[in-house]
Each structure stands twice: as C-alpha cells, then as structure tokens.
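The lines below spell out each chain.
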Amino acid sequence: MTDKARIAVLISGAGTNMAALVYASRIADCPYEVVLVAANDPAAPGLTLAEAEGIPTFALPHKGLTREAHDSAMEAAVLEAGAEYIVLAGYMRILSEGFVERWTGRMLNIHPSLLPKYKGLDTHARAIAAGDSHGGTSVHLVTPELDAGEVLAQIAVPITPQETAESLAERVKLAEHQLYPRAVADYVSRWRNPGWLLAQIRTRALALPETCEQESFGSAGFRAGEGKSGKYFAYFSDRPHGHERIALLVKTSGMDELHALVEDQPETYFKPAFYGASGWVGIVLDRPDLDWGAVDAWLQRSWRSVAPKRLTRFMDIADEF
Ligand code: GRF
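Please read all numbers here as calculations on a predicted model, not as lab measurements. In every chain, residue numbers begin from 1 and rise along the written sequence. Reporting in this predicted model follows two pLDDT cut-offs: at least 70 for local features of residues, and 80 or more for side-chain atom pairs to be given and counted; totals over whole chains, interfaces and linings ignore these cut-offs and use all residues. Computation of side-chain values: all heavy atoms of the structure, hydrogens and water removed.

**A closer look at the sheet that holds strand 4 (residues 85–88)**
- The rule for pairing is simple: two strands pair if DSSP sees at least two bridges between them. By the criteria applied, helices consist of DSSP H or I runs no shorter than four residues and strands consist of E runs no shorter than two, each listed in order from the N terminus. Taken in spatial order, the seven strands line up as 3-2-1-4-5-6-7 in an open sheet, and their pairing is mixed. Both edges of this open sheet fall to strand 3 (57–59) and strand 7 (151–158), since each of them pairs with a single strand only. Recorded for the sheet is a direction-independent mean angle of 20° between the axes of neighbouring strands.
- Helix 3 (residues 67–80) rests against strand 1 (5–11), strand 2 (32–39), strand 3 and strand 4 of the sheet, and its axis sits at about 150° to strand 2. Between N-to-C directions, angles cover 0 to 180 degrees, with each direction set by a line fitted to C-alpha atoms, over the stretch in contact for helices. The contact definition used throughout considers only heavy atoms, calling two residues in contact when any of these lie within 4.5 Å.

Written out as structure tokens, the structure reads:
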C-alpha cells in the first residue's frame, strides 16, 4: 500500500494533459498515482495510451443516457478504482450538480484561459480578438457553476503578433503540461504543507473576536484581547525541538484532561515540550484526514478560556440555559 493520493482522470479526447499527469506520476516522489482513466467516448485516443501504460480504463458513451445516469456510472467507476480525487482533463461534459457537490474540494479541472477571463469555449480566439497581451491556462476547483471555482494555479502565455487560435492553443498546451501535474501534486499534498496549514489556522484564529497574531519564540501565536492585556490562545508549531509533526497548540482545562487526551488518542494529541507543563495540548495537523471542525472547536474553546470577560459573558450566560 502506497501513501500516494489516488486520482482518476476523466477525458474526452486526445488526453495530452492526462499523459502529462501520468508521466509526472512516474517520478519517484510524485505524491499522486493515476488509478483510472475514464472517458465518455470509447474512441478517445487517450484511452489507448492509458492502456499501454497499464492504467485501468473505463469508457461509457453518454448517448441515450440522462446526465445524472451517465455521471453516476462514471462516478461508480471512479469509486470502484478507489480514487480520492477526480481530475478533469479535457472532459467535455457539463456535470450534474449532485455529482459536483459530492466531490467538493476533490475535483479539479484545467481550463485554457486566465480565469476569470473567458469561461466556456473558444478561449484562444476570444483572447486574441480582445487584443489581450496574454492567453494562458488555469487549474481550478470544480463547483456547480462552469469554470468558476477557486483558481489554484495559472501560467500566462504571451500572444505574438501573428497569433492564431491554433498557434496559441498549441503553446498553451505546453504550459498546461507543466502546470497541471504540479498543481495536482501541490493540491493533494497540501495537508502536509506548513504554509498552507498555517494559512488555514491563521484564517480560523483571526476570525474569532478581538484577536491578533504575534510571534512567540519563532512560532506564529494568536492572542485574544487588546494590547498588552491580550493573552495567547493558540500557537502554530512547525516541528520545533525535533518534533516530527506540525501542530496546533491550544489550552486544555488542565493536566488531567491533557493526559487523558494523549492517552486516548495518541495519533491526534501529544504533550508539547515546555507548553505541556501548563496544560497546553498539541493537535497534530499534518494528516490527510484531519477534522477541521474539531480544530475550530478547539480554537474557540481555547480563545474563550483567555478572552476578556466582556466578550465571553454572553456565552457564559447562554451556557447556563
Ligand atoms: C486542454 O486545453 C484543457 O485546457 C481543456 O481541454 C484541453 C484538453 O486537451 N479543458 P487534451 O485532451 O488534454 O490534449
């Protein structure tokens, strides 16, 4: 069993982006593997290549099927292959809302324009007609609205004086073949990327009332309350003192709770060096199945334990009912 993320690639045609994804996955440290190539056209040339590469394939024409029925059959094949992510690579189908929603945050697409410009078709011709200096390509998360999900990565490609839609398309493809494997690799391994994890913690911690960020012994710390009277309620700890894990440190009610947590769930909780002595617990963040809801709950609880009374009073009253 490898610890690589399992991706299914959906295509309709040539599948050159699929090929780029496959060959990038053959580099030893690539964090994903392609476990299925599926197409809505059994004649899609990309299928032949995938077969030659020993990758399981699936093809089902959409003709005569409702959108939902076709999507469910594709989805069943994806699940059967054990894929955790769906990567669309020139899959020329509008997907049903239910399908997209079930894969929220786990479905990516590549689109040949610098989104949000030129959603939909004929992107290169439209960029040239508009007199743009650059065309390009974007990798984005798939949401029910076409080509409108969060953009994860882009490459801009200059438009030359004699440019045609065809010549631009060709160069954009070269850019896509570099961009897509890298963007997919970054996305599936973001759960162990300290920069991404810190950004998540920062957004969540600073969303609580009257909070600010202040560094403490090289770690990002988050304080509740104003100025000097503010108190720390969370630290982002990126493997100091030889710790192997990236963690969030928050306050428990005391040593009894801290020890119980560490004993019951040693995969999730640990007693941090220095801070542990005063009842702070370390929550391991770099795990693919991290429960962000639980992280939020800990941040709120820890905030509440140090925040000024005038901010927590109403919560305390509400708790009494
Ligand atoms: C790519 O240009 C991609 O941006 C768009 O469809 C094209 C697919 O090409 N979504 P290929 O099948 O990967 O060669």
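Next comes the rest of the write-up.
**A word on the environment of Ala 175**
- Within the fold, Ala 175 resides in helix 6 (residues 165–188).
- When near neighbours in sequence (up to four residues on either side) are disregarded, Ala 175 contacts Thr 137, Ile 155 and Val 157.

**What to know about the site of the ligand**
- Taken together, the residues surrounding the ligand are Ala 14, Gly 15, Thr 16, Asn 17, Gly 90, Ile 110, His 111, Pro 112, Lys 173 and Glu 176.
- At 2.8 Å, a backbone N or O of Asn 17 approaches an oxygen atom of the ligand.
- Polar contact is the term for a pair of N or O atoms within 3.5 Å; when the atoms are in protein, one must be able to donate a hydrogen and the other to accept it, and sequence-neighboring residues count only if both atoms are side-chain atoms. Contact distances for the ligand include 2.7 Å between an oxygen atom and a side-chain N or O atom of Lys 173.
- Each accessible area is a Shrake-Rupley estimate made with a 1.4 Å probe; only the visible protein chains count as cover when residues are assessed. For the ligand, the accessible surface in isolation is 370 Å², of which the surrounding protein chains cover 86%.
- Taken together, the elements giving at least two residues each to the shell around the ligand come down to helix 1 (16–25), strand 5 (107–111) and helix 6.
- Its residues assigned to classes, the shell around the ligand shows three nonpolar, five polar and two charged. Near residues are defined by distance, with any heavy atom within 4 Å of the molecule or strand qualifying the residue. Side-chain classes follow a simple rule in which Ala, Val, Leu, Ile, Met, Phe, Trp, Tyr, Cys and Pro form the nonpolar group, Asp, Glu, Lys and Arg form the charged group, and the remainder, Gly included, forms the polar group.

**Brief notes about the packing of aromatic side chains**
- Any pair of Phe, Tyr and Trp rings, taking the six-membered ring for Trp, is counted once the centres come within 6.5 Å. Such a pair is stacked with planes under 30 degrees apart, edge-to-face with planes over 60 apart, and tilted for the rest. As enumerated under the stated definition, the model contains seven aromatic pairs in all.
- Measuring from centroid to centroid gives 6.1 Å for Trp 196 and Trp 292, while their planes differ by 85°, and the two rings are edge-to-face. Of the two residues, Trp 196 sits in helix 7 (residues 194–206) while Trp 292 sits in helix 9 (residues 292–306), which places them 96 residues apart along the sequence.
- A relative accessible area of 17% places Trp 292 in the buried class.
- Seen in terms of ring centroids, Tyr 275 and Trp 280 are 6.2 Å apart; in terms of plane orientation they differ by 70°. Their pairing is edge-to-face. This pair shows no difference in class: Tyr 275 is buried, exactly as Trp 280 is.
- Through successive ring pairs, a cluster of aromatic residues spans Tyr 232, Tyr 235, Tyr 275 and Trp 280.
- The rule for a charge over a ring is simple: NZ of Lys or CZ of Arg within 6 Å of the ring centre, and within 35 degrees of the ring normal. Note that Arg 106 overlies the ring of Trp 103, its terminal NZ or CZ placed 4.2 Å from the centroid. Residue burial is assigned from relative accessible area. The probe radius is 1.4 Å, only protein chains are included, and a residue is buried under 20% of its type maximum, exposed over 50%, and partly exposed in between.

**Re the packing of helix 1 against helix 6**
- For the pair helix 1 and helix 6, the least separation of the axes is 9 Å and the interaxial angle reads 45°. As summarised for this structure, helix 1 and helix 6 are arranged oblique, according to the angle between their axes. Note that helix 1 runs across helix 6; the crossing there is right-handed. Across the interface between the two elements, Thr 16, Asn 17, Ala 20, Leu 21 and Ala 24 from helix 1 touch Lys 173, Glu 176, His 177, Tyr 180, Pro 181 and Val 184 from helix 6. In this scheme, roughly parallel covers angles under 35 degrees and roughly antiparallel covers those over 145, while 65 to 115 is roughly perpendicular and the rest are oblique. Two helices that cross are described as forming a left-handed crossing if the nearer one is turned anticlockwise from the farther one by less than a right angle, and a right-handed crossing if clockwise.

**Considering a nonpolar patch on the surface**
- On the surface, a nonpolar cluster with roughly 430 Å² of combined accessible area is contributed by Phe 314, Ile 317 and Phe 321.
- Structurally, Phe 314 is set in helix 10 (residues 309–320).
- On the accessibility criterion, Phe 314 (60% relative accessible area) is exposed. Residues enter patches when they are more than 30% accessible in relative terms and free of salt bridges; like-charged ones are connected within 9 Å and nonpolar ones (Val, Leu, Ile, Met, Phe, Trp, Tyr) within 5 Å. Any carboxyl oxygen of Asp or Glu within 4 Å of a side-chain nitrogen of Lys or Arg constitutes a salt bridge here.

**What about the pairing of strand 11 (residues 246–251)?**
- In terms of burial, strand 11 is largely enclosed, as five of its six residues are buried.
- Here strand 10 (residues 231–238) pairs with strand 11 via five bridges, running antiparallel. Following the sheet pairing, Tyr 235 is matched in strand 11 by Leu 249.

**A word on the pairing of strand 1**
- With respect to burial, strand 1 is a largely interior element, six of its seven residues being buried.
- One ladder, built from seven bridges, connects strand 1 with strand 2; its direction is parallel. Its bridge partner being in strand 2, Leu 10 is matched across the sheet by Ala 38.
- A right-handed crossover is one whose linking path, passing over the helix from the first strand to the second, runs clockwise when the strands point away from the viewer. Tracing the backbone out of strand 1, into helix 1 and back to the parallel element strand 2 gives a crossover that is right-handed.
- Pairing of strand 1 with strand 4 involves four bridges; the strand directions are parallel. Bridging across to strand 4, Ile 7 finds its partner in Tyr 85.

**A few points about the domain arrangement of the chain**
- The split into domains, and so the bounds of each, comes from an automatic or database assignment of domains. Each assigned domain of the chain is listed with its residue range as follows: domain 1 (5–191) and domain 2 (194–319).
- Between domain 1 and domain 2, the C-alpha centre-to-centre distance is 38 Å.

**So, the sheet that holds strand 12 (residues 269–270)**
- Strands sit in the order 8-9-10-11-13-12 across an open sheet of six strands; the sheet is antiparallel. Each edge of the sheet is formed by a strand with only one pairing partner; in this case those strands are strand 8 (211–216) and strand 12.
- Sheet strands in contact with helix 9 are strand 8, strand 9 (219–224), strand 10, strand 11, strand 12 and strand 13 (280–284), and its direction is about 40° off that of strand 11.

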